[in-house]
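Descriptive structure summary
What follows is each chain in one-letter form.
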Amino acid sequence: MKYVYASRHGKTEKLVQALGLDAVKLEEGTAAMGEDFIIFTYTDGKGIVPKIVEDYLKTCGDKLKGVVATGNMERHADTYCWAGDIIAKDYNVPCLGKLEGEGTDEEKAALKQALGL
């Protein structure tokens, strides 16, 4: 399985690194994934899928197999990790995890299990 991630403040990137994943960071002009993948994303603003993630999924969302979302419960409790819920619904894939920032040890362990690592 391939992994792709978007990280604005570095927390999602730290999560991907802590899991030891060989993942592609989404940046402007990132080439579409030619094989099945799981996307890691932060939630923008008040529960919005980041534009870079939306744009990327428009080009290769048919290969998407799951989503992992990060968020901030303290600042956005009412929209915590909504990007994961939105993507899961729009692309009919499971939301494999919702983590606070880069994730607690318990959250990372549960995510590893969900990813089969």
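Our subject is the structure that appears above.
These remarks concern the structure in this document. (Residues numbered from 1 in each chain as written. Predicted model: local features only at pLDDT ≥ 70, side-chain atom pairs only at ≥ 80, totals over all residues. Heavy atoms only, no water.)

1. Describing helix 2 (residues 51–60)
All buried positions along helix 2 are accounted for by V53, Y56, L57 and C60. Taken around the axis of helix 2, the buried residues stretch over an arc of 100°, which confines them to a single face. Among the exposed residues of helix 2, those oriented more than 90 degrees off its buried face are K51, K58 and T59. Residues of helix 2 that are buried sit in contact with strand 1 (2–5), strand 3 (37–42), strand 4 (64–71) and helix 4 (82–91). (Buried < 20%, exposed > 50% of the residue type's maximum accessible area, 1.4 Å probe, protein only. Helix = DSSP H or I, 4+ residues; strand = E, 2+ residues; numbered from the N terminus. Arc of directions from axis to C-beta. Contact = heavy atoms within 4.5 Å.)

2. Details of the packing of aromatic side chains
Two aromatic rings are characterised by how far apart their centres lie and by the angle between their planes. The tally for this structure, following the rule as stated, stands at 2 aromatic pairs. Look at F37 and Y56: their rings are 5.8 Å apart centre to centre, the planes differ by 75°, and that puts the pair in the edge-to-face class. A residue pair is termed long-range when its members are at least 10 positions apart, and F37 in strand 3 and Y56 in helix 2 qualify at 19 residues. Both residues of the pair, F37 and Y56, count as buried. (Phe/Tyr/Trp six-rings, centres within 6.5 Å; stacked < 30°, edge-to-face > 60°.)

3. Observations regarding the side chain of K108
Looking at the element boundaries, K108 is found in helix 5 (residues 105–115). Buried K108, no salt bridge; nearest opposite-charge side chain is D105, N-O distance 4.2 Å. Other than its neighbours up to four places away in sequence, K108 contacts L15, A18, L19, L99, E102 and G103. (Lys, Arg positive; Asp, Glu negative; His and termini not counted. Salt bridge = Lys/Arg side-chain N within 4 Å of Asp/Glu carboxyl O.)

4. Some remarks on unusual backbone geometry
Within the chain, N92 stands out as a residue other than glycine whose phi angle is a positive 55°. With respect to the secondary-structure elements, N92 resides in the loop between helix 4 and strand 5 (95–100).

5. Observations regarding the pairing of strand 3
For strand 3, a buried count of 6 out of 6 residues is recorded, marking the element as mostly surrounded by other parts of the structure. Because side chains alternate across strand 3, one face comprises the buried residues F37, I39 and T41, and the other comprises I38, F40 and Y42, equally buried. Across 4 bridges, strand 1 lies against strand 3 in parallel orientation. Within the sheet, the bridge partner assigned to Y3 lies in strand 3 and is I38. Both strand 3 and strand 4 contribute to a ladder of 6 bridges, which runs parallel. By the bridge assignment for strand 4, F40 is matched with V68. You can see the chain leave strand 3, run along helix 2 and come back into strand 4, and the turn it takes is right-handed. (Pairing = 2+ DSSP bridges. Right-handed = clockwise from strand over helix to strand, strands pointing away.)

Such coordinate-based values are descriptive only and should not be taken to indicate function.
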